[in-house]
Amino acid sequence: MSGERTTVELIEDAFAEPGPGYGARLAAIRAEAAADGVALAVDLHGALVELRFERWALNLAPGELAGVIRRLAAEAGVAALRQGRELLGELLPEDAAGVDGPRIGARPVDEPLTVGPVIRPRPEAEDDFTPVTWAT
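A quick note: this is a predicted structure, and the numbers were derived from the prediction, not measured. (Residues numbered from 1 in each chain as written. Predicted model: local features only at pLDDT ≥ 70, side-chain atom pairs only at ≥ 80, totals over all residues. Heavy atoms only, no water.)

Asks: Quick one: what's the story with the sheet that holds strand S2 (residues 38-43), residue by residue and with numbers?
Replies: An order of S1-S2-S3 is seen for the three strands of this open sheet, with the pairing classed as antiparallel. Both edges of this open sheet fall to strand S1 (30-35) and strand S3 (48-53), since each of them pairs with a single strand only. Within the sheet, the average angular offset between the axes of one strand and its neighbour, ignoring direction, is 10°. Pairing of S1 with S2 involves six bridges; the strand directions are antiparallel. (Pairing = 2+ DSSP bridges. Helix = DSSP H or I, 4+ residues; strand = E, 2+ residues; numbered from the N terminus. Axes fitted to C-alpha atoms, helices over the stretch in contact; angles between N-to-C directions.)

Below, the structure is given as structure tokens:
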């Protein structure tokens, strides 16, 4: 394996690899988490594939129950990504094996720190602008 490849290229290679069945192994990745009467499973993409409640968990306030589901889904999503990373690690070049990349959601180093939302000016209206009303 030579050169740097994007994540998309790695995934395409994994699904196209005829030998070890990477595509089927990636598709089979599941991670589970459970707490507070809620049990769930997510796939490699973090999509919820199973959700179970114990009867008493349904007595929680809706916001509290949603918070538990979000927390568990995040925990399971991290575990699923680790499984995928271990599997795709076989496709990575040796010199990238011990390199930790930037954290997901981390601000790029050369990007200035901003506080609050970025305000962008509105583009000037064109002269031939005609409002449209859609009727359904």
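Asks: Account for the pairing of S3, naming residues and giving values.
Replies: For a regular strand, side chains alternate in direction, first toward one face of the sheet and then toward the other. The sheet contact formed by S2 and S3 spans five bridges and is antiparallel. Bridge pairing in S3 places alanine 41 opposite glutamate 50. The hairpin turn running from S2 into S3, its antiparallel successor, is four residues long, and glycine 46 in that turn takes a positive phi close to 85°.

Asks: Account for the nonpolar core, with residues named and values stated.
Replies: Ranked by size, the top nonpolar core spans 18 residues in total, and within it Leu26, Ile29, Val38, Leu40, Leu72 and Ala76 carry the most contacts. For this core, the secondary structure elements donating two or more residues are helix H2 (22-27), S1, S2 and helix H3 (62-88). Ignoring any residue separated from it by four or fewer positions in sequence, one finds alanine 76 in contact with Ala31, Glu32, Ala33, Leu40 and Val42. (Core = buried A, V, L, I, M, F, W, Y, C linked by side-chain atoms within 4.5 Å. Buried < 20%, exposed > 50% of the residue type's maximum accessible area, 1.4 Å probe, protein only. Contact = heavy atoms within 4.5 Å.)

Asks: Which residues make up a nonpolar patch on the surface, and what values do they have?
Replies: A grouping of Leu48, Leu51, Phe53 and Leu58 is seen on the molecular surface, where their side chains present a nonpolar patch of about 340 Å² in accessible area. Mapped onto the secondary structure, leucine 48 falls in strand S3. (Patch = residues over 30% accessible without salt bridge, like charges linked within 9 Å, V, L, I, M, F, W, Y side chains within 5 Å. Areas by Shrake-Rupley, 256 points an atom, 1.4 Å probe, with all protein chains shown as cover. Salt bridge = Lys/Arg side-chain N within 4 Å of Asp/Glu carboxyl O.)

Asks: Describe the side chain of aspartate 43, listing the residues and the values that go with them.
Replies: The residue aspartate 43 is located in strand S2 in this model. One buried charged residue, aspartate 43, remains without a salt bridge, the closest side chain of opposite sign being arginine 30 at 4.9 Å. Within the structure, aspartate 43 has its side chain in polar contact with the backbone nitrogen of histidine 45 (distance 3.0 Å). At a separation of 2.9 Å, a polar atom in the side chain of aspartate 43 contacts the main-chain amide nitrogen of alanine 47. The contacts of aspartate 43, once residues within four sequence positions are left out, are Ile29, Arg30, Val49 and Ala80. (Lys, Arg positive; Asp, Glu negative; His and termini not counted. Polar contact = N/O pair within 3.5 Å; in protein donor to acceptor, adjacent residues only side chain to side chain.)

Asks: Account for unusual backbone geometry, with residues named and values stated.
Replies: A positive phi angle, close to 50°, is found at aspartate 36, a residue other than glycine. Looking at the element boundaries, aspartate 36 is found in the loop between S1 and S2.

These figures come from the coordinates and say nothing about function on their own.
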